[in-house]
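An overview of the molecular structure
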Amino acid sequence: MYGASDPAAAERTAFRRAEKQYKLYKPPNLKGASRPASMETAATCRLWWTSTRCLPPTGSCPPGSVGVTAPGSTAPCSASWTGFYFIPGALSTEEQCYWIRESLKTFPQPPNRTNLTAIYGSISDLFTAAKNQKILVEVENSDVEEKEQNKGDRKTESKNFKFVEDSEIQKGEECRTTRAITLMRKLRWSTLGLQFDWSKRNYDVSLPHKKIPDALASLAKNMAIPAMPFGEEFKPEAAIVNYYGPSDMLGGHVDDMEADWTKPIVSISLGCKCIFLLGGKTRDEVPTAMFLRSGDIVLMAGEARECFHGVPRIFTESNQQEISALVSQLSGEDDCFILHYVKNSRININIRQVY
Ligand code: OGA
Ligand code: MN
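Figured I'd write up the structure that's included with this text. Everything numeric in this text was worked out from a predicted model, so none of it was measured.

Turning next to the overall build of the protein chain. Looking only at helices and strands, the protein chain features eleven helices and 17 strands. Counting only residues that meet the buried cut, the protein chain has 49% of its 355 residues in that class. Sequence separation of at least 24 residues holds for 77% of the intrachain contacts in the protein chain that already meet a minimum separation of 6. Accessible area for the protein chain stands at about 17,100 Å²; split by element, carbon and sulfur atoms hold 52% of it.

Okay, here's the thing in structure tokens:
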């Protein structure tokens, strides 16, 4: 449920009020469009933190995993806490670096779709192009027909763009150009496994896709154990990778497009710290705010699977991002580009069983 059917009503809800409270307010500009900067500190001070609750004694839970309860309570205070698991520091720094690299280099590669696919068609090797300061240019389209035959009526897929060096662009020539690095910054999501169609808000099994990479599937299976119905194994079939820049947020929603809600969503946080809001089954319930940091994993199963949640704020300020371990790890020359990206971003990989 991304967005609300009645936006005006949504504006008045407790969830929306919390989003406004926690979101990043830019300093007022000369046109006077902004709110007082003091709201920002008021918001961050009111963050609740979580205490621990015992997990089912499966003996196979990932080390360090904790279920959570509301602050000051020994039992879940509302439905949303049943089936919500927080696994702090689930990934080592090395693992975080690995998944950050994959998220930037591999996951946006066709046939996986990204938010850029609708505009530019399939783009290969965006990361390398950005690193090498290439420019994307629209070129004469000689093989439109062939591409259209291959991909049905998806007209945008047949657009023809390629990466070139700055020096290759003819002076005075009129063509649409975009720097690869700008595109990299505009990357908002990519989809792995079964492809999610955002316009129809469902999984489009007719779209070409590769299965979820084995290493990600086995990580998700292991992490999902505490939230799985007894004796069942999680089947990772799709994943959405979200890329957040400094002022990006993810509005309150429920992920309701998967057939079986008894299966958890496994959600991995990488890069800058964020505020995560977990609300109730309606937007009228006041959500609880918590920090998610790089390497943390959250599971949403059972009741929590039906609850509104979102990310109103990420912290890119150097004293708040909490990525020092990542920064020391990403010190190789080749990592310079990734390091710069990570200092300004948060990446979330959420893995789902669709059927
Ligand atoms: C989502 C989602 C949460 C996050 O993509 O559905 O809820 O932590 N992401 O970014
Ligand atoms: Mn979600």
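Resuming the write-up.
Quick look at the nonpolar core now. Ranked by size, the top nonpolar core spans 54 residues in total, and within it Leu 216 and Ile 349 carry the most contacts. The element contributing the most residues to this core is helix H9 (residues 214–224), with six residues. Excluding residues that lie within four positions of it along the chain, Leu 216 makes contacts with Trp 99, Phe 107, Leu 192, Ile 268, Ile 349 and Ile 351. Counting residues in hydrophobic clusters, the runner-up holds 17 residues, among them Phe 86, Leu 292, Ala 304 and Val 311.

On to the environment of Gly 245. Structurally, Gly 245 is set in the loop between strand E10 (238–244) and strand E11 (250–253). Taking the relative accessible area as the measure of exposure, Gly 245 reaches 6% and is therefore buried. Those residues within four positions of Gly 245 in sequence are excluded, and the remaining contacts are Arg 185, Ile 314 and Asn 344.

For the rest of this paragraph, the subject is the coordination of the manganese ion (ligand 2). Protein ligation of the manganese ion (ligand 2) involves His 253 (NE2), Asp 255 (OD) and His 309 (NE2), the donor distances falling in the range 2.1 to 2.2 Å. For the manganese ion (ligand 2), the donor residues sit on a single chain with the sequence spacing H-x1-D-x53-H. Here the residue Asp 255 occupies a position in the loop between E11 and strand E12 (265–271), and His 309 occupies one in strand E16 (residues 309–314), the gap between them amounting to 54 residues.

On to the pairing of strand E14 (residues 288–292). Residues in a regular strand point their side chains to alternate faces of the sheet. Within E14, five of the five residues are buried, leaving the element largely enclosed by the surrounding structure. Going residue by residue along E14, you find Thr 288, Met 290 and Leu 292 tucked away on one face and Ala 289 and Phe 291 tucked away on the opposite face as well. With five bridges connecting them, strand E13 (residues 274–278) and E14 associate as antiparallel partners. Considered in E14, the bridge of Leu 277 is made with Ala 289.

Within a sheet, neighbouring strands are paired by backbone hydrogen bonds and run either parallel or antiparallel to one another. Taken in spatial order, the four strands line up as E11-E16-E13-E14 in an open sheet, and their pairing is antiparallel. Each end of this open sheet is capped by a strand with a single partner; those strands are E11 and E14. Taken pair by pair, the neighbouring strands of this sheet meet at an average axis angle of 25 degrees, ignoring direction.

In the structure shown here, the tally under the stated rule is ten aromatic pairs. Centre to centre, the rings of Phe 84 and Phe 276 are 6.1 Å apart; their planes meet at 20 degrees, and the pair counts as stacked. Taken as a pair, Phe 84 in strand E3 (residues 84–87) and Phe 276 in strand E13 lie far apart in primary sequence, 192 residues in all. Residue classification places Phe 84 among the buried residues on the basis of a relative accessible area of 0%. Judged by relative accessible area, which is 6%, Phe 276 ranks as buried. Over the ring of Tyr 341 we find Arg 185; its NZ or CZ atom is 4.9 Å from the centre of that ring. Positioned above the aromatic ring of Phe 291, the side-chain terminus of Lys 273 is 4.3 Å from the ring centre.

Spatially, three strands are ordered E5-E4-E6 in an open sheet, and the strand pairing comes out antiparallel. The open sheet terminates on both sides in strands that have one partner only, identified here as strand E5 (161–164) and strand E6 (177–179). Direction aside, neighbouring strands of the sheet carry axes that sit 30 degrees apart on average. Inspection of the sheet shows strand E4 (residues 135–138) paired to E6 by three bridges, in the antiparallel sense. Across the sheet, the residue bridging to Ile 135 is Arg 179, located in E6.

Calculation criteria
Residues numbered from 1 in each chain as written. Chains lettered and ligands numbered in written order. Predicted model: local features only at pLDDT ≥ 70, side-chain atom pairs only at ≥ 80, totals over all residues. Heavy atoms only, no water. Helix = DSSP H or I, 4+ residues; strand = E, 2+ residues; numbered from the N terminus. Buried < 20%, exposed > 50% of the residue type's maximum accessible area, 1.4 Å probe, protein only. Contact = heavy atoms within 4.5 Å. Areas by Shrake-Rupley, 256 points an atom, 1.4 Å probe, with all protein chains shown as cover. Core = buried A, V, L, I, M, F, W, Y, C linked by side-chain atoms within 4.5 Å. Donors = N, O, S within 2.8 Å, 3.2 Å for Na, K, Ca; no water. Pairing = 2+ DSSP bridges. Axes fitted to C-alpha atoms, helices over the stretch in contact; angles between N-to-C directions. Phe/Tyr/Trp six-rings, centres within 6.5 Å; stacked < 30°, edge-to-face > 60°. Lys NZ or Arg CZ within 6 Å of the ring centre and 35° of its normal.

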